[in-house]
Amino acid sequence: MTQSDHAYDVPADAPVFECDYCGRPFARERWLALHHGLDHPNELDDDEVTAFRKAHEDEEDSLGAFRLQALGALVAIYFVLLMIYALV
Amino acid sequence: MAVGSLCWLLAVGTASAHGGSLAAGGRESLTIPTWLFLSTGGAAVGASFLLASFVTDRSFVERVHAWGTPLVDGEARIPRVLGRAIGVAGLAAVVVVGFFGPTTPRTNLAILLVWVGWWAGLAMTTYLVGNSWRVLNPLSTIALALPSLDRTYPDRLGAWPSVVGLLALVWLEVVSPLADDARLLATAVVGYSVLTLAGSVVFGRETWFSEADPVDRVFRYYGRVAPVSRAEDGSLRLRLPGMTLSTPRLVDGADEVAFVVALLWVTTYDGLVTTPAWRALTTPLVSAGLPPHLLYPFALLAGFGLFLGVYRLAVRVSTRTAETYLAPDELAERFAPPLLAIAAGYHFAHYLGYFLFLAPALGTATLAPFADPAAVPVYQLPDWFGGVALAAVILGHLVAIWVAHAAAFDLFPSRLQAIRSQYPFVAVMVFYTMTSLWVVSRPEVPLPHL
Ligand SMILES: [Zn+2]
């Protein structure tokens, strides 16, 4: 993935973390670390590998929290529909 | 709507042909109030997004999308020549029988071949199996024999002529009696052929059919939903249905995004104008003096503008929910192809019953094109058939949700960011589902005011 593959639209006063390998800008440092590991796995130095591992673990944690919320939403949809069908 | 009016005509013409209109079948199966039916459909789409978001294993998503097996290596010559011959013979039949055949719509081969065989049947095989129009397209075959001036096609035009062409064709299909009047249909086919061949002579065959021709683009885009696709080298490949839609650069530029949205909109519009609600809504407008001939194109353009506006708004919101610095146009291009699965699902819902109902009539007319039998065989659809239409609408959305999920995973480094990028698109899909389900569940009435 190189810079020329995509068009970007970076707001003037926004925080920017740019990839040293392909120039792609990200809004969060953690996303840059993830991008490094996903798109440039063979070019990274040790620090970047460590940063990727850390970001990946954090991502797993937040995905776990998201799954709980999603499950809650699913159960809510199910019961709301169930109740409506029971009443109608 | 031309196709609908043919249905209507047959329904009136044959004693117990209530199954002719798919919408009527859909309505009979409804035993719950409409608002609940629509909310359930919308909830099903929302719930499937939540379920898809549980699949967060990147390598699994990639494996599902990369799975494929080669079918035939290289271009096979004999099927290609045969396919082209069939296509040209079909065009010849439409023109000859259209001008000289019987004038009853349900016995005229030209009408049955165009609407039942081609626009319903062939289009269905295109997204269910693969795009054979590429080979069958008779105009493309005839263009091979014509000289070319090879003028440069203006780049800035891009796919816009095909967007305008698609809207114009659907407008013509809706307002004119193209499904009742074989002579008129043959005239329209000749007119379209002359225009298309002129275009391909001026700009070159390849350029014309890949850029400006709306029909070729419709079939090409539907073909991307299909399991059988063609690789760069011409070999055929089998993939899971819809998986090709997550490929980057499948849709390139605002013009091609507009075409995808136009395709989605015209299938909806086609059904919308035959609902009783449309009649009720437009009757006061027409009696207040609005000319019906302006009403239909205006509604077509306004609806297209609305669908496109809603999609572009979703893209804007998505750049914010995903906190990405990718330009909105990038997202618009990447998340447009999944909409093709929705359009295909809706087309299937709209035309399967119509196709099955009239397929025996098409068979009879093919065997004896100039006979004008008094009784035409039709296939009576079973009562549960309306459920198939509803299932097709929902299934199209499920494929779209999954494909957009995969495309988002490919586009964003953070999986949570990818899931968040989909919130506005899911909202839009819920809106589309509810609209389509509503249209499919309405009884079909003849086109008002024309
Ligand atoms: Zn990079």
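This is a predicted model, so every value here is computed, not measured. (Residues numbered from 1 in each chain as written. Chains lettered and ligands numbered in written order. Predicted model: local features only at pLDDT ≥ 70, side-chain atom pairs only at ≥ 80, totals over all residues. Heavy atoms only, no water.)

A.B. asks: When you look at the sheet that holds strand β2 (residues 228–230) of chain B in this model, what are you seeing that I'm missing?
C.D. replies: Residues and elements named next belong to chain B. Taken in spatial order, the three strands make up an open sheet running β1-β3-β2, and their pairing is antiparallel. Taken across any chain shown, the strands that pair with only one partner, and hence form the sheet edges, are β1 (68–72) and β2. If you compare each strand with its neighbour and ignore which way they point, the axes differ by 35° on average. When β1 meets strand β3 (residues 236–239), the two strands line up antiparallel, connected through four bridges. (Pairing = 2+ DSSP bridges. Helix = DSSP H or I, 4+ residues; strand = E, 2+ residues; numbered from the N terminus. Axes fitted to C-alpha atoms, helices over the stretch in contact; angles between N-to-C directions.)

A.B. asks: Sorry if this is basic, but what is going on with the side chain of B:R415 here?
C.D. replies: Mapping B:R415 onto the fold places it in helix α19 (residues 415–421). Looking at B:R415, its side chain comes within polar contact range of the side chain of A:E60, at 3.0 Å. A polar side-chain atom of B:R415 sits 2.7 Å from the main-chain carbonyl oxygen of B:T56. (Polar contact = N/O pair within 3.5 Å; in protein donor to acceptor, adjacent residues only side chain to side chain.)

A.B. asks: For this particular structure, what's the right way to read the interface of chain A and chain B?
C.D. replies: Interfaces are often sized by the amount of accessible area the parts lose when they come together. Listed per partner, the contact involves 35 residues of chain A and 29 residues of chain B. Overall, the association of chain A and chain B removes approximately 2,900 Å² of surface from exposure, summing both partners, and the carbon and sulfur fraction of that is 67%. Considering only the surface of chain A that becomes buried against chain B, A:W31, A:F66 and A:Y85 emerge as the three largest contributors, covering 20% of it. Between chain A and chain B we count 11 residue pairs in polar contact (both at pLDDT 80 or more) in total. Of all the elements, helix α2 (residues 46–87) of chain A adds the most residues to the side of chain A that touches chain B, at 15 residues. When grouped by side-chain class, the residues that make up the side of chain A that touches chain B number 24 nonpolar, four polar and seven charged. (Contact = heavy atoms within 4.5 Å. Buried area = accessible area lost by both parts, 1.4 Å probe. Nonpolar A, V, L, I, M, F, W, Y, C, P; charged D, E, K, R; others polar.)

The values are spatial; any link to function lies outside them.
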